[in-house]
Amino acid sequence: MDLLLSIDNLNVYFYRSEGVLKAVDGISYNLHKGEVLGIVGESGSGKSVSVLSIVRLLPANGKIVDGSISFDGKDILKLSMNELQDIRGKDIGFVFQDPMSSLNPVITVGQQVMEPLLWHNLCSREEAYKRAKNMLGMVGIPFPEERMKEYPFQFSGGMRQRVMIAIALICNPKLLIADEPTTSLDVTTQAQIIRLLKNMRSELDMSVILITHNLALTSNFCDRLIIMYASNMMETGGTKDVLNTPSHPYTRFLLDAVPDIEVEKELVPIPGTIPDLINPPEGCKFHPRCPMSMDICRTEKPPLFPVGDGHYSACWLCGRE
Amino acid sequence: MGNKKRIGRSYWSNIWEKFKRNKLAVFGLIFVCILILLGISAPWLAPYPYDEVHYEAVWTPPCREFLAGTDQLGRDIFSRLLYSLRNAIIVGLGAQSLIVVIGLTLGLIAGFYGGKTDNILMRIVDIVYSFPSYLLNIILVLVLGRGYFSIFVAIAATGWAGMARLVRGQTLSTKSRDFVEAARASGAGNNRIMFRYILPNIIGPVIYSIFSGIPGVMLVESGLSLIGLGVRPPMPSWGLMISEGTGQFLYNPYMLLAPAGMLVLTILSFNFVAFGLRDALSARE
Amino acid sequence: MEDKILISVKNLKKYFSRGKDIVHAVEDVSFNIRRGETLGLVGESGSGKSTVARLIIRLIDTDGGNIIFDGVDITTLSEKALKPFRRRMQIVFQDPASSLNPQMTVGTIIKEQFLIHKLGTKQEQEKWVEELLEKVGIDPSFKDAYPHEFSGGQQQRICIARAIALRSEFIICDEPLSSLDVSIQAQIIKLLEDLQKELGLTYLFISHDLAVVKHLSDSIAVMYLGKLVEFSNKKDLFSNPLHPYTITLLSSVPTIKGEEKEVELKGEPPSPINPPEGCPFNPRCPKKEDICERETPILEEICEGHFVACHIVQR
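Residues numbered from 1 in each chain as written. Chains lettered and ligands numbered in written order. Predicted model: local features only at pLDDT ≥ 70, side-chain atom pairs only at ≥ 80, totals over all residues. Heavy atoms only, no water.

Enquirer: Can you help me understand the overall build of chain C in this one?
Expert: Helix and strand content of chain C: 12 helices and 12 strands. By the compact-globule yardstick of 20 Å for 315 residues, chain C fits well, its C-alpha radius of gyration being 20 Å. With respect to the principal axes defined by its C-alpha atoms, chain C has extents near 70 × 50 × 45 Å. Per-residue burial over chain C gives 58% buried out of 315 residues. Surface summary for chain C: the accessible area is close to 12800 Å², and the carbon and sulfur share equals 49%. A distance of 4 Å separates the average location of the 39 positive side-chain charges in chain C from that of its 46 negative side-chain charges. (Helix = DSSP H or I, 4+ residues; strand = E, 2+ residues; numbered from the N terminus. Rg over C-alpha atoms; globule rule 2.2 N^0.38 Å. Buried < 20%, exposed > 50% of the residue type's maximum accessible area, 1.4 Å probe, protein only. Areas by Shrake-Rupley, 256 points an atom, 1.4 Å probe, with all protein chains shown as cover. Lys, Arg positive; Asp, Glu negative; His and termini not counted. Charge placed at Lys NZ, Arg CZ, Asp CG, Glu CD.)

What follows is the structure, encoded as C-alpha cells:
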C-alpha cells in the first residue's frame, strides 16, 4: 500500500498562562492509502490535537514546536497558508462532534454542501449542484433535491451529521478525519453513521482517521489503532491485535474498565485521575496509576517496543527480554 | 487539617485573581477609590469654600493660589471640582443603591416565582423601559423639587427596570441549574433556595451592573444640572460647571476643560472597573 | 412479594406545552422497583426518561398517574407533607459541575442536607461530612475546598456523598456517567455498586449506555417516545429481547468483539410533539402491520415478569 500520511516525532505545545502544556509529546505514525486508523483516548489525551495538526488547525496559543508531517508527498509544515487552504476541505475532509455548531444556521444545506466545490474552483455551479444532490443521496438523505433548500435546524441530529459527512466528502478527499463523529448521537443513530462511514470509505477509496474515546466503536471499522494517554502514544497495532492481545497496561485497563454488552465481567476501575499536563509525571505518563510500575517507569519515558507484527507498545514491561 | 495543598479558593477569590490580571481594571479601581476618598474629604481638602467669591480674582487662569483657576465670580474651580465630585458620587451611589434595592427585589421575585407574578412585574418593567427616561427624570425633579433625594428618586424611578430585568434573567437561568434542583429535591424551602443558592450566584452580574451604571447616573445628574435641575446652586456640579464653562470656552478654556476632564476621568475609571469585572466574571476556568 | 416493592409508578403522564404544540413527554409509564434492586431505564434522547426521574422525585408535577413510595401515594402531597419523603429519596445528575453550588465549599454542600432537615449538632454534622467524604473516596481534609477545585469524577463522588447523606433508601441516577471519562466511569460504577451493597440502596439508573445498564441493573425498562415498550429482568431482556425496538437497540451497541450485526434501524426517532398514531415505533418498525398504525399496544406480561407493548409479539 502507498503511504498517504507520515507523521514523525510531532510535538505540539499550548502556551497557557499557567505554563506550557505539552498537548502532543513526540508522536510518530504512518497512514496508508485506503487505511482506516482509529485514535483512541480520553479527554486531554491529545488525540484531536495530534490529528488537527495535520492541517495546522490549532488554537492561537498552540504551536507545532518539533517534528515533520508529510501528506501525499507534501511537507505540511513548509506550506504557505494558501497552499494549506487548498488541502483543507479538498484533499482532507473533516467531520466534527457537534453537527449543529459545525453547520452555518443561516445558509441552506444545499449551498453548504456545494461550497467546498466552489471554493476550490473544482467545477461550475450547475455541476456542483448536481454533485451535491448525488452526495446527499449517497449519505442517505431522502429527497435530497427538496432537502437542499432547507436549513440545518430543519434536520435532526443524525441527519445533520450526514450533511457534515456529505460536505466532507464532496471533493473526493484522500483523507477523512472524523473527530468523535457520533459522540453527540444516540446509539441507533451512531450505528447508522458508522455504517455509512464504512460504506463511503470503500466506495470512495479514501483513508479515514477516526478519533474516539469508545474502543468498541473501532472494533469493526478500523484497520489499525493508536491508543493515546496524556499526550503520548501508549500502544499501536492492528485493531484485532490491540483489542485481543493488549500489551500496554493502560489498554488492558481500558478494556477491563468499560462494561461490554456481550461479556459479563467484573469491572476493574483504573485508579487515580488523569494527570495534569502542565506538570506531567516523569517517565511513563501512566506510571502513577499503573499497578505494575517499576523503578524505571518513574524516571525514563519508554520507547515503542515491538510486541508483534506491526504491534508496538510504549511500556517497559514489553522491553524486557 | 494540616494539608499543604492550596485549597479553599472560593469563587470570589478566583474572580479577584482574574480581575487582578487586568491592569487597566486595577488602575481603574485604584482611581475609583481615590475619587471616592477625595469626594468624602472634599470639605477638608478644598482650599476655599465652594461658594466663596473673590471679586478681585475673577477669571484667573490656573496658578499657585487657585490650582484650577477661578470662574466668573472668582470662585475657586479646584474647590468646586472637589465638591462636584462629592455630589456626583453621592448621586451615583445613592441612586444606584435605590435601583439595586428595587430592581433586585422585584427581579428576584419575578424570576423565582414565575407565572402570573412574573408576567405582571415584567409588563410594568416594559412600560417603564419604554418611557423616555430623561423626560421622566425632568418631570419628577420638577414635581418633587430639587435636592439629593428627588434626584435619587427621579433616576431610580426609571433605572430599576434594567436591573430588574437583569436579575430576573439571572434568577431564571440559575433556578434551572442542577444544584438548585438538587436542593429542592432535598426539601430545601423557598427562602433557603433564594438566599443561599440563587442570590449568591447572581450577585456577580449585579455588581457589574452597579459599576457600569454609576457613570450613567452621573451623566444624568450632569444633564439635569446642565438645564438647571440638578443640585441647587451655589452647590456646584459638573453639569452646571460645564454649562458655565461652555460660554467661556474661547476666552477661559480651563473653565470647561477642568470639569469636563474630571467627568470623563471619573466615568472612564468606573467603566474600566466594570469591564474588568465583566471579563473576570465571564472567564471560564 | 408486594411488600418488597419500594417504589411503584402507575400510568405516569406528563405533557409540556411548547407554544401551541403539546409535547407528549411521558405517556402511561408504569413500573415497580423492589427494595435493594436497581432498575435500569433505557432510552434515546427525547424518550422521556429524565422526565420520569423528575416526576418521581417530585421536581415537576404529574399530569396523571400515581407515584407510590413505600406504600404512600406521594403524587400530590404538599411540599410540607413531602419533606419526610424527600429525606428518603435523592437524585444524582448528569453534569456534576452544575450540580454543586459554586459558592459553597463541598463540606457545606453536604452539610446543607442536615441543616435542611435539622439533624444533629454542629460537631455531629462536621463528623458526618467527613465520614461521607471518606466513604465516597474523597480525602476529608478537602472539605473546605470549592467544587471547581475538583475533577469531574471527584465532583460526581461529592454529588453521591450528598445523595447518601440523609441515609436515603432510594437514589435516582440520571445519566451519572455520561459527562465522565472512560477510565473514571468505572470508578463511579464501582462506587455505586459498593454503596448499594453496604447501605442496601435502591437505584433507578437512567442511561443511554446499554452496556452500563446491563452491568448495574437487576431489571430494565426500555422507553421509546414517552412510552414504555418493554420491561423485564435483566437476563430475559438481553437473552430474549422481544420488542422490535429493543432488538434494534441492542444490535446497535458496538462491542469489542465487533461482529457485524444485521439489524439496522431505518429513519429517525419521530418528534414527541406529534407522536405517530398507534404504536410509537410503527414508522420505523421492520415488522409493522396495519394494526400497529391504528391501535396503541398496551404493556402486557408475555412470560413471567417480562412485559412488552407490541401487537405482533403479543399474538
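Enquirer: So what exactly am I meant to see when it comes to the sheet that holds strand β10 (residues 227–233) of chain C here?
Expert: The strands that make up a sheet pair up through hydrogen bonds in the backbone, lying either parallel or antiparallel. Residue and element names in this part refer to chain C. One open sheet accounts for 8 strands, arranged β6-β7-β8-β3-β9-β10-β12-β11; its pairing is mixed. Each having just a single partner strand, β6 (89–92) and β11 (300–303) make up the two edges of the open sheet. Each strand of the sheet is rotated relative to its neighbour by a mean of 20 degrees, with strand direction disregarded. Pairing of strand β7 (residues 170–174) with strand β8 (residues 202–207), which is carried by 5 bridges, proceeds in the parallel orientation. Considered in β8, the bridge of Asp174 is made with Ile206. Contacts from helix α1 (residues 49–56) reach β3 (38–42), β6, β7, β8 and β9 (219–224) within the one sheet, and its direction differs from that of β7 by about 150 degrees. (Pairing = 2+ DSSP bridges. Axes fitted to C-alpha atoms, helices over the stretch in contact; angles between N-to-C directions. Contact = heavy atoms within 4.5 Å.)

Enquirer: Would you take a moment to explain the interface of chain A and chain C for this structure?
Expert: As a measure of interface size, the accessible area lost when the parts come together is often cited. Each partner contributes to the interface: chain A provides 41 residues, whereas chain C provides 38 residues. Each partner contributes to the roughly 3600 Å² buried at the junction of chain A and chain C, and carbon and sulfur atoms together form 54% of this total. At the boundary of chain A with chain C, the tally comes to 3 salt bridges. Its salt-bridge partner being Glu264 of chain A, residue Lys214 of chain C comes within 4.0 Å of it at the nearest N-O pair. Taken together, the connections running from chain A to chain C amount to 11 residue pairs in polar contact (both at pLDDT 80 or more). Mapped onto the side of chain A that touches chain C, the elements with two or more residues apiece are α7 (157–169), α8 (187–204), α9 (215–218) and α11 (249–257) of chain A. A per-element tally of the side of chain A that touches chain C places α8 of chain A first, with 8 residues. Classifying every residue of the side of chain A that touches chain C by side-chain character gives 18 nonpolar, 13 polar and 10 charged. (Buried area = accessible area lost by both parts, 1.4 Å probe. Salt bridge = Lys/Arg side-chain N within 4 Å of Asp/Glu carboxyl O. Polar contact = N/O pair within 3.5 Å; in protein donor to acceptor, adjacent residues only side chain to side chain. Nonpolar A, V, L, I, M, F, W, Y, C, P; charged D, E, K, R; others polar.)

Enquirer: I tried to follow the pairing of strand β3 (residues 36–40) of chain A on my own but got confused; where do I start?
Expert: Looking down a regular strand, the side chains alternate between one sheet face and the other. All names here are of chain A. Within β3, 5 of the 5 residues are buried, which leaves it mostly tucked inside the rest of the structure. Of the two faces of β3, the one carrying Val36, Gly38 and Val40 and the one carrying Leu37 and Ile39 are both buried. As paired strands, β3 and strand β8 (residues 207–212) are joined by 5 bridges and run parallel to one another. Bridge pairing in β8 places Val40 opposite Thr212. Pairing of β3 with strand β9 (residues 224–229) involves 4 bridges; the strand directions are parallel. Paired with Gly38 across the bridge in β9 is Leu225.

Enquirer: What am I meant to see in a nonpolar patch on the surface here?
Expert: The grouping of Val53, Tyr55, Val58, Trp59 and Leu73 of chain B at the surface amounts to a nonpolar patch, some 440 Å² of accessible area in total. Looking at where Trp59 of chain B falls in the secondary structure, it is placed in the loop between α3 (42–45) and α4 (77–113). (Patch = residues over 30% accessible without salt bridge, like charges linked within 9 Å, V, L, I, M, F, W, Y side chains within 5 Å.)

Enquirer: Can you walk me through the pairing of β11 of chain C in this structure?
Expert: All names here are of chain C. Taken together, the 3 bridges between β11 and strand β12 (residues 306–308) define a ladder with antiparallel strand orientation. Opposite Cys303, over in β12, you have His306 as the bridge partner. Hairpin remark: β11 followed by β12, antiparallel, with 2 residues in the connecting loop; positive phi at Gly305, about 75 degrees.

Enquirer: Before we go on, may I ask you to explain the environment of Met100 of chain A in this structure?
Expert: Residues and elements named next belong to chain A. By the secondary structure assignment, Met100 is in helix α3 (residues 99–102). Placed 56 residues apart in sequence, Met100 and Ser156 show a C-alpha to C-alpha distance of 9.4 Å. If we skip the residues at most four places from it in the chain, Met100 touches Phe153 and Arg160.

Enquirer: Mind showing me how you'd approach unusual backbone geometry here?
Expert: Working note: non-glycine residues mostly have negative phi, and peptide bonds are mostly trans. Even without a glycine there, the phi angle at Phe143 of chain A is positive, about 50 degrees. Looking at where Phe143 of chain A falls in the secondary structure, it is placed in the loop between α5 (125–138) and α6 (144–147). Judged by relative accessible area, Phe143 of chain A falls into the exposed class, the value being 61%. Here Asp70 of chain C, not a glycine, exhibits a phi torsion of approximately 50 degrees, which is positive. Positionally, Asp70 of chain C belongs in the loop between β4 (64–69) and β5 (72–73). Of the residues examined, Asp70 of chain C reaches a relative accessible area of 31% and is grouped as partly exposed.

Enquirer: Would you take a moment to explain the nonpolar core for this structure?
Expert: It is characteristic of soluble globular proteins that their nonpolar side chains tend to be buried jointly. Membership of the largest hydrophobic core comes to 198 residues, with the highest contact counts inside it found for Tyr29, Ile54 and Ile209 of chain A. With 9 residues, α4 of chain B is the largest single contributor of residues to this core. Each of two domains, domain 1 (2–88 + 168–314) and domain 2 (103–165) of chain C, supplies a minimum of three residues to this core. Ala25, Phe69, Phe93 and Ile206 of chain C belong to the second largest nonpolar core, which has 35 residues in total. (Core = buried A, V, L, I, M, F, W, Y, C linked by side-chain atoms within 4.5 Å. Domains from an automatic or database assignment.)

Enquirer: Got a minute to help me understand the packing of helix α2 (residues 23–40) of chain B against α4 of chain B in this structure?
Expert: For any two helices packed against each other, the geometry comes down to the angle between their axes and how far apart the axes lie. Residues and elements named next belong to chain B. For the pair α2 and α4, the least separation of the axes is 8 Å and the interaxial angle reads 110 degrees. As judged from the angle between their axes, α2 and α4 are roughly perpendicular. For the pair α2 and α4, the contacting residues are Leu35, Ile36, Leu38, Gly39 and Ile40 in the first and Leu82, Leu85, Arg86 and Ile89 in the second. Looking at side-chain class alone, the contact of α2 with α4 contains 7 nonpolar, 1 polar and 1 charged residues. (Parallel < 35°, antiparallel > 145°, perpendicular 65-115°, else oblique.)

Enquirer: For this particular structure, what's the right way to read the sheet that holds strand β10 (residues 232–238) of chain A?
Expert: All names here are of chain A. Read from one edge to the other, the open sheet built from 8 strands follows the order β6-β7-β8-β3-β9-β10-β12-β11, with strand pairing classed as mixed. In this open sheet, the two edge strands, each paired with only one partner strand, are β6 (92–95) and β11 (305–308). On average, each strand axis in the sheet is inclined to that of its neighbour by 20 degrees, with strand direction left out of account. Sheet contacts for α11: β9 and β10; angle to β9, the most-contacted strand, approximately 100 degrees.

Enquirer: It is not clear to me how the packing of aromatic side chains should be interpreted in this structure. Could you clarify?
Expert: Remark: the centre distance and the inter-plane angle together describe each pair of aromatic rings, the angle taken between the planes. If you walk through the whole model with that rule in mind, you get 23 aromatic pairs over all chains. Between the aromatic rings of Phe69 of chain C and Phe170 of chain C, the centroid separation amounts to 6.3 Å while the plane-to-plane angle is 50 degrees, which identifies the pairing as tilted. Taken together, the residues span a long stretch of sequence, with Phe69 of chain C in strand β4 and Phe170 of chain C in strand β7 at a distance of 101 residues. For Phe170 of chain C, a relative accessible area of 0% gives the class buried. Following the ring pairs from residue to residue traces out a cluster consisting of Tyr229, Tyr250, Phe253 and Phe286 of chain A. One Lys or Arg, Arg147 of chain A, reaches over the ring of Phe155 of chain A and ends 4.1 Å from the middle of that ring. Directly above the aromatic system of Tyr129 of chain B lies the positively charged group of Arg165 of chain B, at a separation of 4.2 Å from the ring centroid. (Phe/Tyr/Trp six-rings, centres within 6.5 Å; stacked < 30°, edge-to-face > 60°. Lys NZ or Arg CZ within 6 Å of the ring centre and 35° of its normal.)

Note that every value here comes from positions in space, so none of it alone points to a role or purpose.
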